[in-house]
Amino acid sequence: MTDYPHLFRPLDLGHVTLPNRVLMGSMHTGLEELGDFDRVAAYYARRAEGGVGLMVTGGMAPNREGGVLPGAAGLFTDADMANHGRVTRAVQDAGGRIAMQILHAGRYAYSDACVAPSPVKSPISPFPPAELDAAGIEKQIADMVEMARRAQVVGYDGVEIMGSEGYFLNQFLVTHTNKRTDQWGGSYANRMRLPVEVLRRVREAVGPDFILIYRLSMIDLIPNGSSWDEVVELAQAVENAGATILNTGIGWHEARIPTIATSVPRRAFAWVTKKLMGQVSIPVITSNRINMPEVAEAVLAEGCADMVSMARPFLADPDFMVKAKSGRSAQIAPCIACNQACLDHTFEMKVATCLVNPQAAHETELVYTPALVEKMVAVVGAGPAGMTAARVAAERGHKVTLFDQSSEIGGQLNMAKMVPGKEEFHGLVRWFGDMLALHGVKLRLGVTVSADDLVEFDEVIVATGVLPRDPGLLVDAGHVVTYVDILTGRETAGERVAVIGAGGIGFDVAEYLTTDESPTEDLDAWLEEWGVADPGAHRSGLAPEGPQPAAAARKVSLLQRKSERPGKRLGKTTGWIHRTSLQMKQVQMVGGVSYDKVDLAGLHITRQDGTAEVIPVDTVVLCAGQLSERSLADALEAKGVPCHVIGGADVASELDAKRAIGQGARLAATL
Ligand code: FAD
Ligand code: NAP
Ligand code: SF4
């Protein structure tokens, strides 16, 4: 008997029965563009082995003009066909099923060849699209149909036609981007003609025994997006045109409302999909911020959908489903929805992976083989670097002891988890604890280790992390503390606060200081904060009154010396959310300052133009970067004890948990 009866109920699609109710949603990894299809095949086969019901590939371009980027992968040549044949065989050999996503980017294509229903430039691309004429539209349909046919030839079990997130087909649906007056524009019947026609012709080309998923934007979250009646009308037309399954898309990429970031509450949009249940007779999938089996089970049990889509959770743990099925949910590596190694990498043109699981999309290169010789390994520091090194070394068969001077594991993750909107870090620390116990790592907490304590070990790993940088502020009088003081509760800030340093930690501390109750823990409050309304009542799901954030708990100024816009270096796909959130809390963000002194009047600064100013504050919080804690590494070196230094203890600059975990894993894989 499984703990998740709804999740593991088979789904009969007519010509095929899926073993469970989970779809691995489409994610661009960048592997296809590398051309290394052994790696692509290994990536998907690994996830098929993990027991997901059906997978969807990253978006593949139906033609050059529709590619997300110049050079986007597709099924254009015989070599492409052969490569994709290797992928489908590998998946099917592993007992899985896979559909190819056909993604035409329209005006979101990052290229001067981009095309769209009308020449309306997107706010997130520098390229104005060319308006398609009637023949041009016919060509796009023909290319998508041909791609579906080719996908069938190379062995895919189906295709997903991407009709949401503001891509090409979505652009035809709404007056925001479709200004046409011919048969492809004007009335809603005309605007929805293109997606329906694509579906109809694809079904005609591939026959009945091929899965056809349509990803439908259920809540556009942009001005002049679709109304709910239009969503239902399209869903029914898509079903009639031959779709097997309807998948949910939430929000256009240009929407200014977060839809998948960690601060978005879990299952935040399942209620939107639920509105469609009963309106169509094909299975409906819900999506977004579903990352644990109990969340997926609840969504299904409550009738929000027939199936759930999870994408990033399968980067974090390819064995999600087998672990859930066999009562090992606590072992599922949690996707914390940070985007740091997946979506941010895609936007930086790097191969995607996962902060929690550096093996993701690196299956052929980062392999944890059983150790040839069992060694006694000491790891000092139970932050993400040390915990990962200890876990992987123990998993490989070494005898590992993990020391930390603190009474709990987690290192700085214990501060991250205190930040409103970062509650997922609690689960990450918990998971590390469970995995250390599972692999028999001996924990020695509350122990400050010296070099003498380590001489008996075969391998010593120093992961002692970082210390806050003291910026050497001139303090005459006043309350000056560090982020550690604040986030560990050692100190409490006054009503008016200046935060020195606007890096990731400065932003997090400003969020912490201005927020009493985390809206991430309260869906209604979160929807109100960001101005999301019932799309049945308000077109596109935008509340007419706009965002309604809670009042800020404190008056905060966030400062940096660089003259660039504060927050410019935050994550590519999440920085805007942090900036917007603080703007909503009226945090004053100031760049280009120098710090003169602190006294009872407040923080004295000089602006870039030479103007001196006093910011009247009760507390100054230092978030001025970090320095490596190397005292143990130096002591070991002085004693001639060899050691490996990882994480912040190695390099403090631009340190984050992604690097710490990656370095810990890669070292432990070689011991
Ligand atoms: P640490 O996490 O600093 O751990 C070092 C450990 O060593 C500590 O537990 C310490 O007690 C122990 N130690 C030190 N000396 C000794 C000794 N002599 N003996 C025994 N134990 C010792 N990163 C991200 O990627 N994404 C985020 O969203 C994010 N948010 C953050 C939010 C905040 C508020 C903070 C403070 C950090 C955040 N980070 C984030 C950064 C991330 O937490 C760090 O980069 C990461 O924890 C560094 O890992 P580490 O293992 O090198 O060191
Ligand atoms: P950081 O991003 O390097 O920011 C340090 C800040 O301190 C900068 O704004 C810097 O700005 C300022 N500073 C540096 N030296 C200073 C000095 N001598 N005097 C005064 N100000 C000084 O580092 P962080 O905020 O400490 O974060 C540490 C790491 O944790 C980051 O690398 C980040 O990746 C990670 N993190 C990530 C997230 C996330 O959401 N992804 C969140 C938190 C932390 P000026 O030099 O312009 O003054
Ligand atoms: Fe999830 Fe972050 Fe991993 Fe992406 S990098 S899969 S968001 S944990």
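Our subject in this report is the structure included herewith. Numbering of residues begins from 1 in every chain and follows the order in which that chain's sequence is written. As a convention, the first chain written is A and the first ligand written is 1, with the rest following in written order. The model is predicted, so local features are restricted to residues of pLDDT at least 70 and side-chain atom pairs to those at 80 or more, both for listing and for counting; the totals for chains, interfaces and linings are taken over all residues. Side-chain numbers here rest on the full set of heavy atoms in the structure, without hydrogens or water.

## Remarks on the overall build of the protein
For step 1, the next point in the chain: Per the convention used, a helix needs a DSSP run of H or I reaching at least four residues, while a strand needs a run of E reaching at least two, with both numbered from the N terminus. When you go through the protein residue by residue, the secondary structure sums to 22 helices and 27 strands.
For step 2, the next point in the chain: The quantity called the radius of gyration is restricted to C-alpha atoms. Its globule counterpart is 2.2 Å times the number of residues to the power 0.38. In terms of overall size, the protein behaves like a compact globule, its C-alpha atoms giving a radius of gyration of 26 Å where 671 residues would be expected to give roughly 26 Å.
For step 3, the next point in the chain: Across its three principal directions, the C-alpha atoms of the protein cover 75 × 65 × 45 Å.
For step 4, the next point in the chain: Within the structure as shown, the protein displays about 25,600 Å² of accessible surface, and the carbon and sulfur contribution to it stands at 50%. Residue burial considers only the protein chains on display, and all accessible areas are found by Shrake-Rupley using a 1.4 Å probe.

## Focus on the site of ligand 1
For step 1, the next point in the chain: If even one non-hydrogen atom of a residue comes within 4 Å of a molecule or strand, that residue is called near it. The full set close to ligand 1 counts 35 residues, and Gln340, Asp404, Lys422, Gly648 and Ala657 are the nearest of them.
For step 2, the next point in the chain: Contact between ligand 1 and Pro384: an oxygen atom at 3.3 Å from a main-chain N or O atom of the residue.
For step 3, the next point in the chain: We define a polar contact as two N or O atoms separated by no more than 3.5 Å, with the added condition that, inside protein, one atom must be a possible hydrogen donor and the other a possible acceptor, whereas residues neighbouring each other in sequence contribute only through side-chain atom pairs. Take Ala657: an N or O atom from its main chain is 2.8 Å from an oxygen atom of ligand 1.
For step 4, the next point in the chain: Summarising the interface, the protein chains cover 92% of the accessible area of ligand 1, which totals 1,000 Å² for the free molecule.
For step 5, the next point in the chain: Every element with two or more residues in the shell around ligand 1 is listed here: helix H14 (384-395), helix H15 (413-416), helix H17 (483-487), helix H18 (504-514) and helix H22 (657-668).
For step 6, the next point in the chain: Classification used: nonpolar for Ala, Val, Leu, Ile, Met, Phe, Trp, Tyr, Cys and Pro, charged for Asp, Glu, Lys and Arg, polar for all others including Gly. Counted by class, the shell around ligand 1 contains 19 nonpolar, eleven polar and five charged residues.
For step 7, the next point in the chain: Residue ranges for the domains originate in an automatic or database domain assignment. Each of domain 2 (376-466 + 627-670) and domain 3 (474-515 + 552-624) accounts for three or more of the residues forming the shell around ligand 1.

## Quick notes on the environment of Glu495
For step 1, the next point in the chain: Relative to the helices and strands, Glu495 resides in the loop between H17 and strand E19 (496-500).
For step 2, the next point in the chain: In this structure the C-alpha to C-alpha distance between Glu495 and Asp618, which are 123 residues apart in sequence, comes to 6.6 Å.
For step 3, the next point in the chain: What makes two residues a contact is simply this: any of their non-hydrogen atoms within 4.5 Å. Apart from the residues within four sequence positions on either side, Glu495 is in contact with Arg554, Lys555 and Asp618.

## Some thoughts on unusual backbone geometry
For step 1, the next point in the chain: The residue Arg267 is not glycine, and still its phi comes out positive at about 45°.
For step 2, the next point in the chain: Along the chain, Arg267 falls in the loop between strand E10 (245-250) and helix H9 (270-274).
For step 3, the next point in the chain: Positive phi outside glycine occurs at Asn288, with the angle close to 85°.
For step 4, the next point in the chain: By secondary structure assignment, the location of Asn288 is in the loop between strand E11 (285-286) and helix H10 (293-301).

## A short note on the pairing of E10
Consecutive side chains of a regular strand alternate in pointing toward one face of the sheet and then the other.
For step 1, the next point in the chain: Only protein chains enter the calculation, and the probe is 1.4 Å; a residue is then buried if its accessible area is under 20% of its type maximum, exposed if over 50%, and partly exposed in between. For E10, the buried fraction is high: six of the six residues fall into the buried class.
For step 2, the next point in the chain: Where burial is concerned, the two faces of E10 agree: the one with Ile245, Asn247 and Gly249 and the one with Leu246, Thr248 and Ile250 are both buried.
For step 3, the next point in the chain: Here, any two strands with at least 2 DSSP bridges between them count as paired. Examined bridge by bridge, strand E9 (residues 211-219) and E10 share six bridges and lie parallel to one another. Paired with Leu216 across the strands is Thr248, a residue of E10.
For step 4, the next point in the chain: Clockwise travel from the first strand over the helix to the second, with the strands pointing away from the viewer, marks a crossover as right-handed. Crossover E9 to E10 through helix H8 (residues 228-241) is right-handed.

## Section: the pattern of salt bridges
Once their charged atoms are close, side chains differing in charge can pair, the charge on each being opposite to the other.
For step 1, the next point in the chain: For this analysis, a salt bridge means a side-chain nitrogen from Lys or Arg found within 4 Å of a carboxyl oxygen belonging to Asp or Glu. In total, this model carries 36 salt bridges according to the counting rule given.
For step 2, the next point in the chain: When the shortest N-O distance is used, the salt bridge between Arg569 and Glu564 registers 2.6 Å.
For step 3, the next point in the chain: Judged by relative accessible area, which is 61%, Arg569 ranks as exposed.
For step 4, the next point in the chain: With a shortest N-O distance of 3.9 Å, Asp634 and Arg630 are connected by a salt bridge.
For step 5, the next point in the chain: Given a relative accessible area of 42%, Asp634 falls into the partly exposed group.
For step 6, the next point in the chain: One network of salt bridges, in which partners are shared, links Glu138, Glu197, Arg200, Arg201 and Glu204.

## Quick notes on the packing of aromatic side chains
Two aromatic rings, taken as a pair, are described by how far apart their centres are and by the angle between their planes.
For step 1, the next point in the chain: Side-chain rings of Phe, Tyr and Trp, where Trp is taken by its six-membered ring, are said to pair if the distance between their centres is within 6.5 Å; with planes under 30 degrees apart they count as stacked, over 60 as edge-to-face, and otherwise as tilted. Under the counting rule described, the total for this entry stands at eight aromatic pairs.
For step 2, the next point in the chain: Summarising the aromatic geometry, the rings of Tyr108 and Tyr167 are spaced 5.6 Å apart at their centres and angled 85° between planes, so their arrangement reads as edge-to-face. Taken as a pair, Tyr108 in the loop between strand E5 (98-102) and strand E6 (115-116) and Tyr167 in the loop between strand E8 (158-163) and helix H5 (168-173) lie far apart in primary sequence, 59 residues in all. Of the two residues, Tyr108 and Tyr167, neither departs from the other in class, the shared state being buried.
For step 3, the next point in the chain: We count a charge as sitting over a ring when the NZ of a lysine or the CZ of an arginine lies within 6 Å of the ring centre and within 35 degrees of the ring normal. In this structure, Arg64 is placed above the aromatic ring of Phe76, and the distance from its NZ or CZ to the ring centre is 4.2 Å.

## A short note on the packing of helix H7 (residues 193-206) against H8
Any two packed helices are characterised by how steeply their axes cross, that is the angle between the axes, and by the distance between the axes.
For step 1, the next point in the chain: Packing of H7 against H8 leaves a shortest axis separation of 8 Å and a crossing angle of 20°. The orientation of H7 with respect to H8, classified from their angle, is roughly parallel. In this structure, H7 meets H8 at a crossing whose hand is right-handed. Only Leu234, Ala237, Val238 and Ala241 of H8 make contact with H7, whose side of the interface consists of Pro195, Val196, Leu199, Arg200 and Arg203.
For step 2, the next point in the chain: A per-class count over the contact of H7 with H8 returns seven nonpolar, no polar and two charged. All axes here are fitted lines through C-alpha atoms, helices being fitted over the stretch that makes contact, and every angle between N-to-C directions spans 0 to 180 degrees. We call two directions roughly parallel when the angle between them is under 35 degrees, roughly antiparallel when it is over 145, roughly perpendicular when it lies between 65 and 115, and oblique otherwise. Handedness of a crossing is defined here by the sense of rotation of the near helix relative to the far one, left-handed for an anticlockwise turn of less than a right angle and right-handed for a clockwise turn.

## Description of the sheet that holds strand E12 (residues 307-310)
For step 1, the next point in the chain: Judged by pairing direction, the sheet is parallel, and its eight strands sit side by side in the order E10-E9-E8-E5-E4-E3-E12-E11 without closing on themselves. Edge strands, defined here as strands with exactly one partner in the open sheet, are E10 and E11.
For step 2, the next point in the chain: On top of the sheet, H8 reaches E9 and E10; it is set at about 175° to E9, its chief contact.

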